[in-house]
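The lines below spell out each chain.
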Amino acid sequence: RCLLNLRYIKINMDNKIKSIGVLTSGGDSPGMNAAIRAVVRTCAYHGLQCQGIFRGFQGLMEGDFKEMGARSVNNIINKGGTMLKSARSEEFKTVEGRKKAFEHLQNANIDALVVIGGDGSFKGARELHKEFKIPIIAIPGTIDNDIFGTTHTLGYDTALNTVVEVIDKIRDTASSHNRLFFIEVMGRDCGHIALNAGIGAGAEEILIPEENLGVDRLLESLRRSKESGKSSSIVVISEGGKIGKTVFELKDYVEENLSEYEVRVSVLGHMQRGGAPSCFDRVLASRFGVKAVESLMDGKSNFMVGLRNDAIELVPLEKAIKGSTQVDMELLRVSDIMSI
């Protein structure tokens, strides 16, 4: 393995990167295609070769590469998903799998990698860098917005807009039939989508992992809503909520204890990942892609690009992996005021 590393150590010393590989890994998110486009065209602008790696780390281990030029990424900035496809790979979690991936990088003369994905993808990138010293810059692509070191991940803004649009449509039905709707949104263990979309859509209650509301407080809140004259209500629930019941168990519990409510459940699921990226995500992806390539050209490695105070900055990859994001607790207070 030491012999395999010599070429990449020399590249790190000389900062003469000639070829960059780009891959997407983990769950897809709107804006990934825009980021691929930015990486490819920044490489073309600076006279570097760029190779697209299909199916994430699985494709990396199989040498599923394709050379990409500026025209190969025409008309993808407005497309959701990822043209390079994505896949999860158990084999890549092994040293043998990563060695196989590195050998394919060597054979293809790829000097550095841009990895677009979430924390799981970042961990794989970190191990590849640690073991084989290949320069790596990561781009945060996940709708959950759960990556430390950036205020926005690619796809988060688009997912928020999608969720708000769907809740607006559901409210039409809720109002027409005097119903209570529980709407479950994505987010894993992070409540960013639920909290922000809930406020944006005017939800009466928002349940997030960071704040354990409890079923009794929820019942009391729904009682107050009924007494205040509200004929219908929307409750937005993050999939990682800690209320102790699934959204369907919660529905049954509320109907048993508040017979005046007719409850319906909508689990939004993967529709939140799809669709054309918002303008914000397209611009952010373009900024991320340019920064990633130019950082590699400057000899930087083992960093994630992130958005902080409207500036694109480099965050040590280890911090991005180990750090935890925080929801804005002031938004919870805003939500309580707005739901009166």
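Residues numbered from 1 in each chain as written. Predicted model: local features only at pLDDT ≥ 70, side-chain atom pairs only at ≥ 80, totals over all residues. Heavy atoms only, no water.

Q: Help me out: how do you make sense of the overall build of the protein chain in this one?
A: Each helix and strand in the protein chain was counted, giving 12 helices and 11 strands. By the compact-globule yardstick of 20 Å for 340 residues, the protein chain fits well, its C-alpha radius of gyration being 22 Å. Reported as C-alpha extents along the three principal axes, the dimensions of the protein chain are approximately 70 × 35 × 35 Å. Counting over 340 residues, the protein chain shows a buried share of 54%. Here the contacts in the protein chain between residues at least 6 apart in sequence split such that 76% fall between residues at least 24 apart. Accessible area of the protein chain: about 14700 Å², with a carbon and sulfur share of 49%. Distance between charge centroids for the protein chain: 7 Å, based on 43 positive and 44 negative side chains. (Helix = DSSP H or I, 4+ residues; strand = E, 2+ residues; numbered from the N terminus. Rg over C-alpha atoms; globule rule 2.2 N^0.38 Å. Buried < 20%, exposed > 50% of the residue type's maximum accessible area, 1.4 Å probe, protein only. Contact = heavy atoms within 4.5 Å. Areas by Shrake-Rupley, 256 points an atom, 1.4 Å probe, with all protein chains shown as cover. Lys, Arg positive; Asp, Glu negative; His and termini not counted. Charge placed at Lys NZ, Arg CZ, Asp CG, Glu CD.)

Q: Quick question: what am I supposed to make of helix 2 (residues 32-45) here?
A: It helps to recall that an α-helix has 3.6 residues per turn; residues three or four apart then point in one direction. The end-to-end C-alpha distance of helix 2 is 20 Å, a good match for the 20 Å that 14 residues give at a rise of 1.5 Å each. Counting buried residues along helix 2, 10 of its 14 residues qualify, which places the element largely inside the surrounding structure. All of the buried residues in helix 2 are Met-32, Asn-33, Ala-34, Ala-35, Ile-36, Ala-38, Val-39, Val-40, Thr-42 and Cys-43. (Expected span 1.5 Å × (residues − 1).)

Q: So what exactly am I meant to see when it comes to the packing of helix 6 (residues 156-177) against helix 7 (residues 192-200) here?
A: Helices that pack against each other are described as a pair by the angle of their axes relative to one another and the distance between those axes. Helix 7 packs onto helix 6 with a crossing angle of 45 degrees between their chain directions and a minimal axis gap of 9 Å. Considered as vectors, helix 6 and helix 7 are oriented oblique to each other. The handedness of the crossing between helix 6 and helix 7 is right-handed. Each of Tyr-156, Ala-159, Leu-160, Val-163, Val-164 and Ile-167 in helix 6 lies in contact with helix 7, whose residues at this interface are His-192, Ile-193, Asn-196, Ala-197 and Gly-200. (Axes fitted to C-alpha atoms, helices over the stretch in contact; angles between N-to-C directions. Parallel < 35°, antiparallel > 145°, perpendicular 65-115°, else oblique. Left-handed = near helix turned anticlockwise from the far one by under 90°.)

Q: Would you take a moment to explain the pattern of salt bridges for this structure?
A: As a working rule, side chains carrying opposite charge can pair if their charged atoms are close by. In total, this model carries 24 salt bridges according to the counting rule given. Among the ionic pairs, Lys-130 bridges to Glu-127, the shortest N-O distance being 3.5 Å. Of the two residues, Lys-130 and Glu-127 both sit in helix 5 (residues 119-132), 3 residues apart, roughly one turn of that helix. The exposure class of Glu-127 is buried, given its relative accessible area of 19%. One connected set of salt bridges, linked through shared partners, spans Arg-126, Glu-127, Lys-130, Glu-318 and Lys-322. (Salt bridge = Lys/Arg side-chain N within 4 Å of Asp/Glu carboxyl O.)

Q: Sorry, what's going on with the nonpolar core here?
A: Side chains of a nonpolar character, in soluble globular proteins, are inclined to be buried together. Counting residues in each nonpolar core, the largest one holds 32 residues, and the members touching the most others are Ile-20, Val-39, Val-114, Ile-116, Ile-139 and Phe-288. When residues of this core are traced back to their parent elements, those giving at least two are strand 1 (19-24), helix 2, strand 4 (112-117), strand 5 (136-140), helix 10 (279-297) and strand 10 (303-308). Of all the elements, helix 2 adds the most residues to this core, at 7 residues. Counting residues in each nonpolar core, the second largest holds 27 residues, with Phe-57, Phe-102, Val-115 and Leu-317 among its members. (Core = buried A, V, L, I, M, F, W, Y, C linked by side-chain atoms within 4.5 Å.)

Q: Looking at this model, I keep getting lost on the layout of surface pockets. Mind explaining?
A: Empty space among the atoms can be located by rolling a probe the size of a water molecule over them. Looking at the largest pocket, its volume works out to about 580 Å³. Looking at the largest pocket, it is lined by 28 residues, and the ones nearest its centre are Gly-26, Gly-27, Arg-88, Gly-120 and Ser-121. Among the elements that make up the lining of the largest pocket, the one with the highest residue count is helix 5 (6 residues). Looking at side-chain class alone, the lining of the largest pocket contains 5 nonpolar, 10 polar and 13 charged residues. (1 Å grid on protein atoms, 1.4 Å probe; cavity = no way out; pocket = protein on both sides within 12 Å on 5 of 7 lines; lining within 4 Å. Points joined across faces, edges and corners; volume = space filled by probe spheres on them. Nonpolar A, V, L, I, M, F, W, Y, C, P; charged D, E, K, R; others polar.)

Q: Looking at this structure, how should I read the packing of aromatic side chains?
A: Evaluation of the coordinates by the stated rule reveals 2 aromatic pairs. Here the aromatic rings of Phe-57 and Phe-92 are separated by 4.2 Å at their centres, their planes lie at 10 degrees, and the arrangement is stacked. Remark: Phe-92 occurs in the loop between strand 3 (65-68) and helix 4 (95-107) and Phe-57 occurs in helix 3 (residues 56-62); sequence separation between them is 35 residues. Of the two residues examined, Phe-57 and Phe-92, each falls in the buried class. Aromatic side chains Phe-102 and Phe-132 sit 4.6 Å apart centroid to centroid with 10 degrees between the ring planes, which places their arrangement in the stacked category. One end of the pair, Phe-102, is in helix 4; the other, Phe-132, is in helix 5, with 30 residues separating them in the sequence. Neither residue differs from the other here; Phe-102 and Phe-132 are each classed as buried. Sitting above the plane of the Tyr-261 ring, Lys-226 keeps its charged end 4.6 Å from the centroid. (Phe/Tyr/Trp six-rings, centres within 6.5 Å; stacked < 30°, edge-to-face > 60°. Lys NZ or Arg CZ within 6 Å of the ring centre and 35° of its normal.)

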